[in-house]
Amino acid sequence: MRQSQSLRFAVLGVVAFHPTGVHGYVLKRQCDRILGHFWQLNFPEVYRVLNWLAAEGWIEAVGTEPVASRKRYCITAEGRENLSSFLLEPALDVPRPFRQELAVKLLFAVEERTPELLRVINRQRDTYVDQLHLLATQRRRLQRLPVDPFLANLLIDGVEVVVRAEIAWLENVCQKLTERFGASTA
Amino acid sequence: MIELHHVTKVFGQEATAVRAVNDLSFTCPRGGFWAIMGPSGSGKSTVLHLIAGLTAPTSGSILVEGTDVATMSQAAAAALRRRSIGYVMQAASLLPFLTVEQNVSVPLMLAGVPARARGERVARALERANISHRSAHRPSHLSGGEQQRVAIARAIVMEPPIILADEPTGNLDQDGGHAVMDLIQDLNEDLGVTVLMVTHDPVFAACAQRVMRVVDGALEHDHDFARLRSPRDHATRG
């Protein structure tokens, strides 16, 4: 629920970048570029959020196009006020319980299963490295957009710090397991 | 293109022998951008030294742009480095008594490029490294990130097809590191320069197209990001 509220404000924020209005499909493309790593949105989702924002009076259609997909949307004064309040609210996110599943596997690790466990850890590390590559690609794309990437880069910085720490922890676990149970287990 | 075929490098002899590189093989294609990661002492930097002809392998062959570096004389290896390889290290290693412009022109002077032709090439390299505005400054007046950009300008002033980068972001903060990585990616994507980069930082390694993890001198893991790229990315990268 909280995420869907954040998503509404994220889309509202992207609409706010366009004082003269923005078409839904342009908005979708910008959402992909700016929010892509945090939220993957398809067209129906974008239009669902736009309809919700319009029903609340936070955005309005401008121009005379009757077809929903061709309408241009502008943020209203009320929408701007709500966006502003949201930005100043304290975030309710709590640290997510990272590593939970892997932690359980570690707790029940036994010497003879160490090679398999190391493979599980390496797969986990690969997943994080993939995530870093997608973040790096996102960062490069943002540079080519007509919007200032400064704030989006701050978000990417935050994810990178967390992922880097996770990788460091996994490597530490690998190294210590190998030290304890011998190189032949690696 | 850089090719390593069953390359082994042993330092020392008998009881004190250290196998820094152990039967390592890979082929980094022309225009590729690959990263090498691994723990300290895993032989990452030695791999770059071998490719640059700074040290000879104990066994195996190393082809740089089709030329076998392993069997070259030191003079021939130095000529190959001047012609084909730009080397970027963790420390910028600029000459403190020269200006930025003069530092960048050093490789051209060593290669015997006439003074008249040097100016334009230095200006182009500085522009490419986004550091032209500092051309008259001495290195001590620059930030760490700026010094590294000058080092990169110096590495590309001979317009080499290959850049070997050994921990190019190692001395920089996060923002400085990202600026240097942007520059390296620009050189790779815009000019088609082949880049082989050693780094311990997974964030910067993930900017490459492929990450090789080296442990005890051997290839432990090869991570290719090609499967993550969309067809549009492939088309953009040409």
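It should be emphasised that the depicted structure is a prediction, and the values quoted were computed from it without experimental measurement. (Residues numbered from 1 in each chain as written. Chains lettered and ligands numbered in written order. Predicted model: local features only at pLDDT ≥ 70, side-chain atom pairs only at ≥ 80, totals over all residues.)

1. Notes on the overall build of chain B
Part 1 of the reasoning: Within chain B, the secondary structure is distributed over 8 helices and 10 strands.
Part 2 of the reasoning: A compact globule built from 238 residues should have a C-alpha radius of gyration of about 18 Å, and chain B, at 18 Å, falls within 12% of that.
Part 3 of the reasoning: With 238 residues in all, chain B has 44% of them scored as buried.
Part 4 of the reasoning: In chain B, once contacts between residues fewer than 6 apart in sequence are set aside, the share between residues at least 24 apart is 68%. (Helix = DSSP H or I, 4+ residues; strand = E, 2+ residues; numbered from the N terminus. Rg over C-alpha atoms; globule rule 2.2 N^0.38 Å. Buried ≥ 20, exposed ≤ 12 C-beta atoms within 10 Å, placed from the backbone. Contact = placed C-beta atoms within 7 Å.)

2. Points about the environment of B:N171
All names here are of chain B.
Part 1 of the reasoning: Tracing the backbone through its elements, the reader meets N171 in the loop between strand 7 (162-166) and helix 6 (174-191).
Part 2 of the reasoning: With 17 C-beta atoms packed within 10 Å, N171 lands in the partly exposed category.
Part 3 of the reasoning: Measuring from C-alpha to C-alpha, the distance between N171 and G144 comes to 7.2 Å, with 27 residues separating the pair along the chain.
Part 4 of the reasoning: In this view, N171 contacts Q90, A91 and G144; residues no more than four positions away in its chain are not counted.

3. Quick look at the sheet that holds strand 3 (residues 72-75) of chain A
Residues and elements named next belong to chain A.
Part 1 of the reasoning: Read across the open sheet, the 3 strands follow the order 1-3-2; overall the sheet is antiparallel. Of all the strands in the sheet, the pair left with one neighbour each is strand 1 (22-23) and strand 2 (59-62).
Part 2 of the reasoning: Strands in contact with helix 3 (residues 43-55) are strand 2 and strand 3; relative to strand 2, the strand with the most contacts, it is inclined by about 100 degrees. (Pairing = 2+ DSSP bridges. Axes fitted to C-alpha atoms, helices over the stretch in contact; angles between N-to-C directions.)

4. Regarding the nonpolar core
Part 1 of the reasoning: Counting 71 residues, the largest nonpolar core has B:I51, B:V150, B:A153, B:I163, B:L164, B:V195 and B:L196 as its most contacted members.
Part 2 of the reasoning: Considering each element in turn, this core owes the most residues, 6 residues, to helix 5 (residues 144-156) of chain B.
Part 3 of the reasoning: In contact with B:I51, not counting residues within four places along its chain, are B:I2, B:I62, B:V64, B:V69, B:L164 and B:L196.
Part 4 of the reasoning: The next biggest cluster of nonpolar side chains, apart from the first, holds 18 residues, and it includes A:F9, A:V14, A:L50 and A:L142. (Core = buried A, V, L, I, M, F, W, Y, C linked by C-beta atoms within 7 Å.)

5. Looking at the pairing of strand 4 (residues 59-64) of chain B
Residue and element names in this part refer to chain B.
Part 1 of the reasoning: Bridge count for strand 1 (residues 2-11) against strand 4 is 5 bridges, and the pairing is antiparallel. Pairing of E3 across the sheet is with L63, part of strand 4.
Part 2 of the reasoning: As paired elements, strand 4 and strand 5 (residues 67-68) share 2 bridges and run antiparallel to each other. Its bridge partner lying in strand 5, V64 is registered against T67.
Part 3 of the reasoning: Counting the residues that bridge the hairpin from strand 4 to strand 5 gives 2 residues, and of these E65 lies at a positive phi of roughly 50 degrees.

6. Structural notes on the environment of B:V122
Residue and element names in this part refer to chain B.
Part 1 of the reasoning: Mapped onto the elements of the fold, V122 is located in helix 4 (residues 115-128).
Part 2 of the reasoning: The class for V122 is buried, based on 25 C-beta atoms found within 10 Å.
Part 3 of the reasoning: The residues contacting V122, other than those within four sequence positions of it, are E101, V104, S105 and V157.

7. Details of helix 6 (residues 114-143) of chain A
Part 1 of the reasoning: Between its terminal C-alpha atoms helix 6 of chain A stretches 44 Å, which fits the 44 Å expected from 30 residues at 1.5 Å a residue.
Part 2 of the reasoning: Every buried residue of helix 6 of chain A is accounted for by A:L117, A:R125, A:V129, A:Q131, A:L132, A:H133, A:L135, A:A136, A:Q138, A:R139 and A:L142. (Expected span 1.5 Å × (residues − 1).)

8. So, the packing of helix 2 (residues 24-35) of chain A against helix 3 of chain A
All names here are of chain A.
Part 1 of the reasoning: Running from N to C, helix 2 and helix 3 point in directions that differ by 110 degrees, and their axes come no closer than 10 Å. When the interaxial angle is binned, helix 2 and helix 3 end up roughly perpendicular. As helix 2 runs across helix 3, the sense of the crossing is right-handed. Contact residues: helix 2 offers G24, L27, K28 and C31, while helix 3 offers F43, V46, Y47 and L50.
Part 2 of the reasoning: Here the contact of helix 2 with helix 3 is composed, by residue class, of 6 nonpolar, 1 polar and 1 charged. (Parallel < 35°, antiparallel > 145°, perpendicular 65-115°, else oblique. Left-handed = near helix turned anticlockwise from the far one by under 90°. Nonpolar A, V, L, I, M, F, W, Y, C, P; charged D, E, K, R; others polar.)

9. Looking at the interface of chain B and chain A
Part 1 of the reasoning: Counting residues at the interface gives 11 residues for chain B and 13 residues for chain A.
Part 2 of the reasoning: Class assignment for the residues of the side of chain B that touches chain A results in 7 nonpolar, 4 polar and no charged.

10. Considering helix 1 (residues 44-51) of chain B
All names here are of chain B.
Part 1 of the reasoning: Burial analysis of helix 1 places 7 of its 8 residues in the buried class, which makes it a mostly covered element.
Part 2 of the reasoning: Within helix 1, burial applies to K44, S45, T46, V47, L48, L50 and I51.
Part 3 of the reasoning: Positive phi appears at G53, one or two residues downstream of helix 1, with a value of about 75 degrees.

11. A few points about the sheet that holds strand 3 (residues 33-37) of chain B
Residue and element names in this part refer to chain B.
Part 1 of the reasoning: The 6 strands lie next to each other as 6-7-8-3-9-10, forming an open sheet whose pairing is mixed. A strand with exactly one partner marks an edge of an open sheet, and here the two such strands are strand 6 (85-88) and strand 10 (218-224). Each adjacent strand pair in this sheet contributes to an overall mean axis angle of 15 degrees, direction not counted.
Part 2 of the reasoning: Inspection of the sheet shows strand 3 paired to strand 8 (residues 194-198) by 4 bridges, in the parallel sense.

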